[in-house]
Amino acid sequence: MTVMSGTGGLSEKEFRQGRADWMEIMAGDLATVLETAGPRLLGLLPTDLGDRTLVAAVTAARMAADEARAQSVAETVNWLERLIPGGPVHDLEGAVRELRSRLAASGEPALWSWNAEGWEELLLWWWRRVQPGTGDRAADFAGWRARWSAEIPRDGEIDRPESMPRRHGRQLLTPAGFFADEPEPLRLLAQTVLDAPGIVAAVQDAVLLREEHLQGAGHLVWLAEQQACVEQLEAWRRRQQATGSEATRAFLVELSEAVKRYMSLVLQPVIGALSACERALLADSKHGARRSAADYRGRLPRRAGTARRECLAGRAAQRGRRTAGAGAP
């Protein structure tokens, strides 16, 4: 997903597609971890729960979350026996011990102890989205819960965070796009400040510093960019207000109130509707809040995040070419 700072912002469709691409790639990465670290267990996974890559990813996240919760191997074996058709499996305990010991060495941030429970919930939600229902939602969720031995996230805002501004009569916009509807003096001032070279550079620097910690999630990078725009706009306003005349300070108060409206009507509704995992990634990417592989196990290989970004960029480019081709005479 391409990060955009213009007035138009990111369409809901682009946001939704970028999020879906990221989830697909993350599921593939986690399934690969299970394939590498626990091939015996991978071969035992059920075939009646849909996409095996996604089932493998959920299984890896669930096992990492068990480790983070300090649950016993026996407890992990218990839910796996309910998940795998045919009941008890020979030496399943040995396979679980082997896999849990290898998860820490995988270098996958989603499986670190402070991330694992969030990813468990997020992947269970993603798996639930593609399950065929019977028409009885209560029975469906009860069955899924029994099979996974876990709570399955319900339908709700998490399914469509990009549409939350509509509840306030707004759209998914950048601050510049939001200010386009403000009275002219305020609109021109905000646009002038946001277009200033120093502000643009500061926003770009802030996004670059956070991007490495967002695990290739383009939709979160876009939100981080809008947060950086707001922070730089407010920082500029505070500097001017400290030395301006009374009339200038009064006008700058109007600017601050408009920024707060953008946050409360556009940005916060989107962020608030994200999964707990996505919100944590966004918050932890801020300077001073980060933890790294050094806090968990050695050093994180950078190639995983780089590969995800390259893959996501490639998909976005392909969609752009398809769109351009469709519009050609």
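Residues numbered from 1 in each chain as written. Predicted model: local features only at pLDDT ≥ 70, side-chain atom pairs only at ≥ 80, totals over all residues. Heavy atoms only, no water.

## Some words on the nonpolar core
One recurring pattern in soluble globular proteins: nonpolar side chains tend to sit buried together. To keep things clear, this is the line we draw: What we call a nonpolar core is a set of buried Ala, Val, Leu, Ile, Met, Phe, Trp, Tyr and Cys residues that are connected through their side-chain atoms within 4.5 Å. Whether a residue is buried, partly exposed or exposed follows from its accessible area with a 1.4 Å probe, protein chains only, as a fraction of its type maximum: under 20%, in between, or over 50%, in that order. Residue contacts are defined here by distance: any two heavy atoms, one from each residue, within 4.5 Å place the two residues in contact.
Counting residues in hydrophobic clusters, the biggest one holds 89 residues, and the most contacted among them are Trp119, Leu123, Trp148 and Leu223. Every residue in contact with Trp119, bar those within four places of it in the chain, is listed here: Trp22, Met23, Met26, Ala61, Ala110, Gln215, Cys277 and Leu281.

## Focus: the confidence of the model for the protein chain
To keep things clear, this is the line we draw: Looking at any residue, its pLDDT shows the predictor's confidence there, from 0 to 100.
Looking at the protein chain, the pLDDT average stands at 85 and 84% of residues meet or exceed 70. Confidence over residues 296-304 falls short of pLDDT 50; this stretch has 16 contacts with residues more than four positions distant or in other chains.

## Focus on helix 10 (residues 197-211)
This is how the line gets drawn: Runs of E in the DSSP output that reach at least two residues are strands. Runs of H or I that reach at least four are helices, and both are numbered from the N terminus. Under the convention used throughout, the expected extent of a helix is 1.5 Å for every residue step, that is, one less than its residue count.
Helix length check: helix 10, at 15 residues, gives a terminal C-alpha distance of 21 Å against a target of 21 Å (1.5 Å per residue), a fit within 8%. Buried residues belonging to helix 10 abut helix 9 (184-195), helix 11 (218-243) and helix 13 (276-284).

## Notes on the pattern of salt bridges
This is how the line gets drawn: Only one rule defines a salt bridge in this text: a Lys or Arg side-chain nitrogen within 4 Å of an Asp or Glu carboxyl oxygen.
Across all of its chains, the model carries 23 salt bridges by this definition. Here Glu120 makes a salt bridge to Arg62, at a shortest N to O gap of 2.8 Å. Residue Glu120 is located in helix 6 (residues 113-129), and its partner Arg62 is located in helix 3 (residues 52-68); the two are separated by 58 residues in the primary sequence. Each of the two residues, Glu120 as well as Arg62, counts as buried. Between Glu182 and Arg261 there is a salt bridge, with its nearest N and O atoms 2.9 Å apart.

## Here we look at the side chain of Glu162
What counts is decided by this rule: For this analysis, a polar contact is any N or O atom pair within 3.5 Å, provided that within protein one partner can donate a hydrogen and the other can accept it, and provided that sequence-adjacent residues contribute only side-chain to side-chain pairs.
When you line up the elements, Glu162 lands in the loop between helix 7 (137-148) and helix 8 (175-179). Classification of Glu162 as buried rests on a relative accessible area of 2%. Here Arg16 takes part through its side chain, which lies 3.0 Å from a polar atom of the side chain of Glu162. Once residues within four sequence positions are removed from consideration, Glu162 is found in contact with Glu12, Phe15, Arg16 and Leu172.

## Points about the environment of Ala65
With respect to the secondary-structure elements, Ala65 resides in helix 3. A relative accessible area of 0% places Ala65 in the buried class. Separated by 46 residues in sequence, Ala65 and Leu111 place their C-alpha atoms 7.6 Å apart. Ala65 has contacts with Ala116, Glu117 and Glu120, leaving out every residue within four places of it along the chain.

## Focus: unusual backbone geometry
With the exception of glycine, most residues fall at negative phi, and the peptide bonds are largely trans. Phi at Ala70 takes a positive value of approximately 60°, unusual for a residue other than glycine. Considering the arrangement of structural elements, one finds Ala70 in the loop between helix 3 and helix 4 (73-83). Unlike most non-glycine residues, Ser149 shows phi in positive territory, near 55°. Inspection of the secondary structure assignment puts Ser149 in the loop between helix 7 and helix 8. Judged by relative accessible area, which is 27%, Ser149 ranks as partly exposed.

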